[in-house]
Amino acid sequence: MTSILIIEDEPELVKILRAYLEESGFKVSSAYRGDTGLSNWENQRPDLVILDLHLPGMDGLDVAREIRRKTDTPIIMLTARVEEADRLVGLELGADDYIVKPFSPREVVARVRAVLRRSGQVSTSKTFLRAADLEVDLDSHMVTRMGQVIDLTPTEFNLLVALASQPGRAFTRLQLLDAIQDNAFEGYQRTIDAHIKNLRAKIELDPKKPRYIETVFGIGYRFIKG
Ligand code: CA
């Protein structure tokens with residue numbers, strides 16, 4: 001599991017970021033002060049650090065310098081002023097990216113993913129998903145079952161990827177809607193049921209007795225584990 005350390009002194013912000021990042025499958029820890037944040041970093045060696053610029057205890061800039069002195073752990077800086085942003089990234093400090101407050105948590109998740117991808121912290125070879133006897137090629141958007149290609153719509157494909165990339169996890173319909181990032185007019189949770197039905201009809205040997213995608217009563221759906 002990819003771990004992220006948030007060092008930010010606004011508890012409300014930490015709470016929201018944590019919720020979104022955990023929702024996206026990251027392991028999250030946090031600190032409200034620069035100095036404790038740095039020692040947390042020493043102990044935990046997270047895969048990525050989200051670091052506020054202005055912090056009690058120790059300034060975000062100093063925290064970033066300390067981290068940089070020892071490792072190239074990706075750092076995303078949070079700043080309230082766009083004018084500050086330029087000097088945060090690049091040679092002077094070596095932060096990998098910055099985000100100007102206020103921001104949408106969703107944007108932060110996207111940036112985290114992008115920075116991890118760029119830095120190679122997340123195995124970029126994970127373009128191939130093997131789940132049960134299904135094979136999903138994320139690059140070519142091709143799904144095969146025992147060598148047979150299964151044609152899926154983009155929505156069905158995204159739905160399958162979301163479910164199959166975290167086997168055993170139950171997703172709410174709302175989370176799945178988020179995963180397929182579809183148009184607003186499709187924004188009804190029941191739409192998911194229709195897509196799942198179509199998806200099952202295509203990937204399941206017997207759609208009435210689904211082996212891959214289980215219904216989780218009262219929650220949503222889950223890709224089978226193991
Ligand atoms: Ca602050």
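Above this text is the structure in question.
Remember, predicted model here, so these are calculated numbers, not experimental data.

Enquirer: Looking at this structure, I do not really get the sheet that holds strand β11 (residues 213-216). What am I missing?
Expert: Sheet strands pair via backbone hydrogen bonds, and the direction of the pair is either parallel or antiparallel. In space, the three strands of this open sheet follow the order β10-β12-β11, with antiparallel pairing throughout. The open sheet has two free edges, formed respectively by β10 (171-172) and β11, since each of these has just one partner strand. Across four bridges, the pairing between β11 and strand β12 (residues 220-223) is antiparallel. Looking across to β12, one finds that Glu214 is bridged to Arg222.

Enquirer: Explain the packing of helix α6 (residues 154-164) against helix α7 (residues 173-180) to me, please; I cannot follow it from the model alone.
Expert: Relative orientation and spacing of two packed helices are given, respectively, by the angle between their axes and the distance between those axes. Interhelical geometry of α6 versus α7 gives an angle of 120° and a closest axis separation of 9 Å. Classified by the angle between their axes, α6 and α7 sit oblique to one another. Here α6 runs over α7; the crossing is right-handed. For the pair α6 and α7, contact is made by Thr155, Asn158, Leu159, Ala162 and Leu163 and by Leu176, Ala179 and Ile180, respectively. Among the residues forming the contact of α6 with α7, the class breakdown is six nonpolar, two polar and no charged.

Enquirer: Quick question: what am I supposed to make of the pattern of salt bridges here?
Expert: When charged atoms on two side chains of opposite charge get close, those side chains can pair. Inspection of the entire model under this criterion finds 19 salt bridges. Linking Arg65 and Asp62 is a salt bridge whose minimum nitrogen-to-oxygen distance equals 3.1 Å. On the criterion of helical spacing, the pair formed by Arg65 and Asp62 is a turn pair, its members being three residues apart in helix α3 (residues 60-70). Several salt bridges share partner residues, and in doing so they unite Glu8, Glu10, Asp52 and Lys101 into one network.

Enquirer: I'm lost on the nonpolar core in this one. Help?
Expert: Grouped burial of nonpolar side chains is what soluble globular proteins tend to show. Leu152, Leu160, Leu163, Ile192, Ile203, Ile213 and Phe223 are the most contacted members of the largest nonpolar core, which has 26 residues in total. Elements supplying a minimum of two residues to this core: β6 (128-131), β7 (134-137), α6, α7, α8 (189-203) and β12. With six residues, the top contributor of residues to this core is α6. By size, the runner-up hydrophobic cluster in this structure holds 19 residues, among which are Leu17, Leu21, Phe103 and Val109.

Enquirer: Honestly, the coordination of the calcium ion in this entry has me stumped. Any pointers?
Expert: Protein-derived coordination of the calcium ion comes from Asp9 (OD), Asp52 (OD) and His54 (O), at a distance range of 2.1 to 2.4 Å. Along the chain, the residues donating to the calcium ion are arranged with the sequence spacing D-x42-D-x1-H. With a gap of 45 residues between them, Asp9 in the loop between β1 (3-7) and α1 (11-23) and His54 in the loop between β3 (48-52) and α3 connect regions that are remote in the sequence. By relative accessible area, which is 45% here, His54 ends up partly exposed.

Thresholds applied
- Residues numbered from 1 in each chain as written.
- Predicted model: local features only at pLDDT ≥ 70, side-chain atom pairs only at ≥ 80, totals over all residues.
- Heavy atoms only, no water.
- Pairing = 2+ DSSP bridges.
- Helix = DSSP H or I, 4+ residues; strand = E, 2+ residues; numbered from the N terminus.
- Axes fitted to C-alpha atoms, helices over the stretch in contact; angles between N-to-C directions.
- Parallel < 35°, antiparallel > 145°, perpendicular 65-115°, else oblique.
- Left-handed = near helix turned anticlockwise from the far one by under 90°.
- Contact = heavy atoms within 4.5 Å.
- Nonpolar A, V, L, I, M, F, W, Y, C, P; charged D, E, K, R; others polar.
- Salt bridge = Lys/Arg side-chain N within 4 Å of Asp/Glu carboxyl O.
- Core = buried A, V, L, I, M, F, W, Y, C linked by side-chain atoms within 4.5 Å.
- Buried < 20%, exposed > 50% of the residue type's maximum accessible area, 1.4 Å probe, protein only.
- Donors = N, O, S within 2.8 Å, 3.2 Å for Na, K, Ca; no water.

Function cannot be read off these values alone, since they describe shape.
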